[in-house]
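# Structure at a glance
The primary structure of each chain is shown beneath.
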Amino acid sequence: MDATALLDRYERMNIIRRTEKAAHDLFLQGLVKGTTHLAAGQEAIAVGASAALRPDDYVFATYRGHHHALARGATPEECLAELMSRATGLCRAKGGSMHLTKAATGMLGSYAIVGAHLPMAVGAAWSARLRGTEQLAVAFFGDGATNIGAFHESLNLAAVWKLPVLFVCENNLYMEYTPIADVTAVPRPAADRAPAHGIPGEVVDGNDVVAVEEAVGRLARRARAGDGPAVLEAETYRHFGHSRTDPAAYRPAEEVERWLKHDPLDLARGRLAELGVHEETVAGADERARAVVERAVAAAKAAPPPDPREALTDVWADGGAAWRT
């Protein structure tokens, strides 16, 4: 990856990190209702993967999916307004933090039920196969989902039909509050189980945006060529607890310190320096990201609340709510 492309990836990750920080601060100010599940520290997976995909590919994410929505074209203003229950929100205040969706850009939703979206990604891949579009479906999920039946059902069916779908595990070591290693027989909960379904399983440094983009790009080309699905396990670490009510005191201090030294933004900055990019250029990307999120926060705060008359719209594909047979 050349310096120009890497600087672009760095700025995108920077915008996502600052948007997550803004969500955290707005929550503490009482402006974000309900809970939030922040993905700060996992930006390289979303940005690297999205950069390797086509604009018309499909992405499915978990409740910790802000970074994927932003990487697939949602703006910081749309996301923050949604979290703040404003009319200008991504889903017009109907989805909230856990259900960010922007179908127009292929972001087919974030899902709160663990593992529930994996079969949906298989269905989207089957649809692409039927229509002959060479589109790809990508399901991002946490390590905890690998112990859910839907994970194995989805891998099996995708393998049987050789569908163009990628299963990307964002392994941040914890399934909510429980270390995944304490309840799983294999060291790599996703990649080690893939061969049982006849699917290749790979592991990548999920904090290295270059490595993620290369791996997803290679597996995407394989799937489009008709060689079927693959599992990619991206090792990463969330900077915050499971949700905003979780101080994450169960994580060993030395583990947290070790992973914070392996921050995606720091790794990208190091790569930029190796490519000869001046600090002033990187600082410019930092400033642009800061300005984008600052404007987004101000706009979301100023946005009006949703119109109650729209509460029952968008139930069906035609935008309405009337039951029909």
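Attention in this report is confined to the structure presented alongside it.

Thresholds applied
Sequence order as written defines residue numbering, which begins from 1 separately in each chain. Local features are withheld for residues below a pLDDT of 70 in this predicted model, meaning they are given only at 70 or higher, and side-chain atom pairs are given and counted only at 80 or more; totals for whole chains, interfaces and linings count all residues. Only hydrogens and water are removed before side-chain values are computed, so all heavy atoms of the structure are retained for them. Paired strands are those between which DSSP finds at least two bridges. Helix and strand labels come from DSSP, where a helix needs a run of H or I of at least four residues and a strand needs a run of E of at least two; each type is numbered from the N terminus. Every angle, taken between N-to-C directions, lies between 0 and 180 degrees, and every axis is a line fitted to C-alpha atoms, over only the stretch in contact when it is a helix. Only heavy atoms matter for contacts: two residues are in contact if any of them lie within 4.5 Å across the pair. Residues enter patches when their relative accessible area tops 30% and they take part in no salt bridge; the joining distance is 9 Å for like charges and 5 Å for the nonpolar side chains Val, Leu, Ile, Met, Phe, Trp and Tyr. Areas reported as accessible are Shrake-Rupley estimates using a 1.4 Å probe. Residue values count occlusion only from the protein chains shown. Basic side-chain nitrogens of Lys or Arg form a salt bridge, by our definition, when they fall within 4 Å of a carboxyl oxygen of Asp or Glu. Using a 1.4 Å probe on the protein chains alone, a residue whose accessible area is under 20% of its type maximum counts as buried, one over 50% counts as exposed, and one in between counts as partly exposed. Oblique is the label for any angle not covered by the other classes, which are roughly parallel (under 35 degrees), roughly antiparallel (over 145) and roughly perpendicular (65 to 115). By the definition used in this description, the sense in which the near helix is turned from the far one sets the handedness, with an anticlockwise turn below a right angle giving left-handed and a clockwise turn giving right-handed. Any residue that is not Ala, Val, Leu, Ile, Met, Phe, Trp, Tyr, Cys, Pro, Asp, Glu, Lys or Arg is counted as polar, Gly included; the first ten are nonpolar and the last four charged. Centres within 6.5 Å make a pair out of two Phe, Tyr or Trp rings, where for Trp the six-membered ring is used; the pair is then stacked when the planes are under 30 degrees apart, edge-to-face when over 60, and tilted otherwise. Here, nonpolar core means buried Ala, Val, Leu, Ile, Met, Phe, Trp, Tyr and Cys residues that are tied together by side-chain atoms lying within 4.5 Å of each other. How far a helix is expected to stretch is found by multiplying one less than its residue total by 1.5 Å. In the analysis that follows, any N or O atom pair within 3.5 Å is treated as a polar contact, provided that within protein one partner can donate a hydrogen and the other can accept it, and provided that, for residues neighboring in sequence, both atoms belong to side chains.

## Considering the sheet that holds strand β3 (residues 137-142)
The strand order β2-β1-β3-β4-β8-β7 describes an open sheet built from six strands, whose pairing is parallel. Here the strands that pair on one side only, and so sit at the sheet edges, are β2 (107-111) and β7 (201-205). Averaged over all pairs of adjacent strands, the angle between their axes in this sheet comes to 20°, without regard to strand direction. Running over the sheet, helix α5 (residues 117-131) touches β1 (58-62), β2, β3 and β4 (165-171) and is turned about 170° from β3.

## Comments concerning a nonpolar patch on the surface
A grouping of Trp126, Leu130, Leu157, Val160 and Trp161 is seen on the molecular surface, where their side chains present a nonpolar patch of about 480 Å² in accessible area. Put simply, the parts of the chain that give the nonpolar patch at least two residues each are α5 and α6 (149-161). Of note, Leu157 is situated in helix α6.

## Describing the environment of His262
Residue placement: His262 occurs in the loop between α8 (253-260) and α9 (264-274). Apart from the residues within four sequence positions on either side, His262 is in contact with Asp205, Asn207 and Leu267.

## Things to note about the pairing of β1
Working note: regular strand, side chains alternate between the two faces of the sheet. Extensive coverage of β1 is indicated by the burial of five of its five residues. Of the two faces of β1, the one lined by Tyr58, Phe60 and Thr62 and the one lined by Val59 and Ala61 are each fully buried. Taken together, the three bridges between β1 and β3 define a ladder with parallel strand orientation. Each bridged residue has a counterpart across the sheet, and for Tyr58 the counterpart in β3 is Ala137. Across three bridges, β1 lies against β2 in parallel orientation. What sits directly across from Val59, in β2, is Met107.

## Re the environment of Phe151
Mapped onto the secondary structure, Phe151 falls in helix α6. Each C-alpha atom, one on Phe151 and one on Glu82, is 29 Å from the other, the two residues being 69 residues apart in sequence. Excluding residues that lie within four positions of it along the chain, Phe151 makes contacts with Leu118, Phe141, Ala145, Thr146, Ala190 and Arg193.

## Some words on the packing of helix α1 (residues 3-28) against helix α2 (residues 43-52)
Put simply, α1 and α2 touch, their axes get as near as 9 Å, and they point 135° apart. With respect to their mutual orientation, α1 and α2 come out oblique. Regarding α1 and α2, the two cross each other, and that crossing is right-handed. Taken together, the residues of α2 that come into contact with α1 (itself represented by Arg9, Arg12, Met13, Ile16 and Arg17) are Glu43, Ala44, Val47 and Ala51. Grouping the amino acids of the contact of α1 with α2 by side-chain chemistry returns five nonpolar, no polar and four charged.

## Quick word on α2
Burial of α2 is extensive: eight of the 10 residues sit out of reach of the surface. Of all the residues in α2, the buried ones are Glu43, Ala44, Ile45, Ala46, Val47, Gly48, Ala49 and Ser50.

## Description of the packing of aromatic side chains
For any pair of aromatic rings, the description rests on two quantities: the centre-to-centre distance and the angle between the ring planes. Applying the stated criterion across every chain, the model contains six aromatic pairs. Ring centres of Tyr174 and Tyr250 lie 5.5 Å apart, and the angle between their planes is 55°; this geometry places the pair in the tilted category. You can see Tyr174 sitting in strand β5 (residues 174-175) and its partner Tyr250 sitting in the loop between β8 (230-235) and α8, a full 76 residues away along the chain. Taking the relative accessible area as the measure of exposure, Tyr174 reaches 6% and is therefore buried. In textbook terms, an aromatic cluster arises when at least three aromatic residues are bridged by ring pairs, as seen for Tyr174, Tyr177 and Tyr250.

## With respect to the pairing of β8
Across the six residues of β8, five count as buried, placing the element largely inside the fold. With six bridges joining them, β4 and β8 adopt parallel strand pairing. Looking across to β8, one finds that Cys169 is bridged to Glu233. Sheet topology note: the β7/β8 ladder contains five bridges and is parallel.

## Concerning the nonpolar core
Ranked by internal contacts, the top residues of the largest apolar core, which has 58 residues, are Tyr10, Leu80 and Leu166. For this core, the element with the most residues is α1, which contributes 10 residues. In this structure, Leu166 is in contact with Leu136, Ala137, Val138, Ala139, Val216, Leu219, Ala220 and Ala230, ignoring residues within four places of it in sequence. Counting 24 residues, the second-largest nonpolar core is a separate cluster that includes Phe60, Ala121, Val122 and Ala125.

## Here's the deal with helix α7 (residues 209-227)
In this model α7 runs 25 Å from its N-terminal to its C-terminal C-alpha over 19 residues, within 8% of the 27 Å that 1.5 Å per residue would give. Of all the positions in α7, only Val209, Val210, Val212, Glu213, Ala215, Val216, Gly217, Leu219, Ala220 and Ala223 are classed as buried. On its buried side, α7 packs onto α1, α2, β4, β7, β8 and α9. The N-cap of α7, judged by a side-chain oxygen 3.1 Å from the amide nitrogen of Val210 a few residues on, is Asp208. Gly228 sits one or two positions beyond α7 and adopts a positive phi of about 90°.

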